Amino acid sequence: MDETEFWALIDRTREAAGRDPDLHAELLVERLVELDPETVHDFARHFEARFSRAYRWDLRGAALVLLGGADENTFENFRCWLIAQGRRLFEGALADPDDLAELLPTFDETVDGEAEEVGYAAFDAYERLTGLELPDPGLPEPGVEPLGAPVDLTDETALADAYPRLWARFRVGPDIPGAPGLPGGPATV
């Protein structure tokens, strides 16, 4: 499976699932079990490579602005969701996370921003096909810390400065629940 085939499979299953990330994961597994184990392993390598590429401080900050929190689990699920949105949005977010303000036609933090099960699709499909666990994709492990300059996830002024368009669209105003430092916002990140 090459990169174009990887993204085509992500796009087809996402479009069929609508905005439901669990259905998206189910459809990915259904499609992957139609392939041979080596191709499923290739899919896993493509997914894991992108998952690692997105392990960056600037994307973690964008996740916090969008979701109102960005602990490690939230950030992992956000990265799965980002990949699940397709190549255009994924690459656009990597080029400039603040561009998500324009790249996302809609965003509802109760539905969007989390696609943990999509991250397990290749593992589930491989196990169904072979009865075995998916072999390690053979990619370098990401570092302990995200790449890039650390972002102060507790400083709303710094976040607003770092992500002016995202902040203006998703976090301006005291009535936004879940905004850091605002009523109803997370105490920790």
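Below or above, wherever it landed, is the structure these notes cover.

Definitions and limits used
- Residues numbered from 1 in each chain as written.
- Predicted model: local features only at pLDDT ≥ 70, side-chain atom pairs only at ≥ 80, totals over all residues.
- Heavy atoms only, no water.
- Helix = DSSP H or I, 4+ residues; strand = E, 2+ residues; numbered from the N terminus.
- Rg over C-alpha atoms; globule rule 2.2 N^0.38 Å.
- Expected span 1.5 Å × (residues − 1).
- Buried < 20%, exposed > 50% of the residue type's maximum accessible area, 1.4 Å probe, protein only.
- Contact = heavy atoms within 4.5 Å.
- Polar contact = N/O pair within 3.5 Å; in protein donor to acceptor, adjacent residues only side chain to side chain.
- Patch = residues over 30% accessible without salt bridge, like charges linked within 9 Å, V, L, I, M, F, W, Y side chains within 5 Å.
- Areas by Shrake-Rupley, 256 points an atom, 1.4 Å probe, with all protein chains shown as cover.
- Salt bridge = Lys/Arg side-chain N within 4 Å of Asp/Glu carboxyl O.
- Lys, Arg positive; Asp, Glu negative; His and termini not counted.
- Charge placed at Lys NZ, Arg CZ, Asp CG, Glu CD.
- Core = buried A, V, L, I, M, F, W, Y, C linked by side-chain atoms within 4.5 Å.
- Phe/Tyr/Trp six-rings, centres within 6.5 Å; stacked < 30°, edge-to-face > 60°.

1. So, the overall build of the protein
Within the protein one finds 10 helices and 0 strands. Sequence-ordered secondary structure for the protein, helices as α and strands as β, is α-α-α-α-α-α-α-α-α-α. A globule of 189 residues ought to have a C-alpha radius of gyration of about 16 Å, and the protein, at 17 Å, matches this closely. Across its three principal axes, the protein shows a C-alpha extent of roughly 50 × 35 × 25 Å.

2. Observations concerning helix 2 (residues 21-32)
Under the 1.5 Å per step criterion, the end-to-end length of helix 2 is 16 Å for 12 residues, consistent within 8% with the ideal 16 Å. Of the residues making up helix 2, those classed as buried are Pro21, His24, Ala25, Leu27, Leu28, Val29 and Leu32. Those residues of helix 2 that are buried lie in contact with helix 1 (3-17), helix 3 (37-53), helix 5 (72-84) and helix 8 (121-130). For helix 2, the N-terminal capping position is held by aspartate 20, with its side-chain oxygen 2.9 Å away from the main-chain nitrogen of aspartate 22.

3. Describing a negative patch on the surface
A contiguous patch of negative charge, built from Asp20, Asp22, Glu26, Glu30, Glu76, Glu114, Glu116, Glu117, Asp124, Glu127 and Glu133, is present on the exposed surface. For the negative patch, the secondary-structure elements that each account for two or more residues are helix 2 and helix 8. Considering every element that reaches the negative patch, the biggest residue donor is helix 2, with 3 residues. Residue position: aspartate 20 is located in the loop between helix 1 and helix 2. Among the residues examined, aspartate 20 registers a relative accessible area of 36% and is labelled partly exposed.

4. A word on the side chain of arginine 79
Structurally, the position occupied by arginine 79 is in helix 5. Look at arginine 79: it is buried, it has no salt bridge, and the nearest opposite charge is glutamate 72 at 4.3 Å. Polar contacts involving the side chain of arginine 79 include one to the main-chain carbonyl oxygen of phenylalanine 51, which spans 3.2 Å. Setting aside residues up to four positions removed in sequence, arginine 79 forms contacts with Phe51, Ala54, Tyr55 and Glu72.

5. Some thoughts on the pattern of salt bridges
Using the criterion set out here, one finds 14 salt bridges in the structure. In this structure, the salt-bridge partner of arginine 19 is aspartate 112, at a minimum N-O distance of 2.4 Å. Separated by 93 residues along the polypeptide, arginine 19 in the loop between helix 1 and helix 2 and aspartate 112 in the loop between helix 7 (100-103) and helix 8 bring together distant segments of the chain. The class for arginine 19 is partly exposed, based on a relative accessible area of 44%. Put simply, aspartate 96 and arginine 165 hold a salt bridge, and the shortest N to O gap is 3.3 Å. Separated by 69 residues along the polypeptide, aspartate 96 in the loop between helix 6 (87-95) and helix 7 and arginine 165 in helix 10 (residues 164-170) bring together distant segments of the chain. Accessibility expressed as a relative area gives 29% for aspartate 96, which makes it partly exposed. Taken together, the shared-partner salt bridges in this structure form one network comprising Asp96, Asp98, Asp99, Glu102 and Arg165.

6. What to know about the nonpolar core
Judged by nonpolar contacts, the single largest core of 54 residues is most densely connected at Phe43, Leu66, Phe78, Leu82, Leu100 and Leu166. The residues contacting leucine 100, other than those within four sequence positions of it, are Ala62, Leu66, Phe78, Leu82, Leu89, Ala93, Leu166 and Arg169.

7. A closer look at the packing of aromatic side chains
Scanning the model with the defined rule gives 8 aromatic pairs in all. When the ring of phenylalanine 6 is compared with that of phenylalanine 43, the centres are 4.9 Å apart and the planes differ by 45°; the resulting orientation is tilted. Of this pair, phenylalanine 6 sits in helix 1 while phenylalanine 43 sits in helix 3, and the two are 37 residues apart along the sequence. Taken individually, phenylalanine 6 and phenylalanine 43 each receive the classification buried, so the pair is uniform in this respect. Here tryptophan 81 and phenylalanine 107 contribute two aromatic rings whose centre-to-centre distance is 5.5 Å and whose plane-to-plane angle is 85°, an arrangement assigned as edge-to-face. Residue tryptophan 81 is located in helix 5, and its partner phenylalanine 107 is located in the loop between helix 7 and helix 8; the two are separated by 26 residues in the primary sequence. Phenylalanine 107 shares its class with tryptophan 81; the two are buried.

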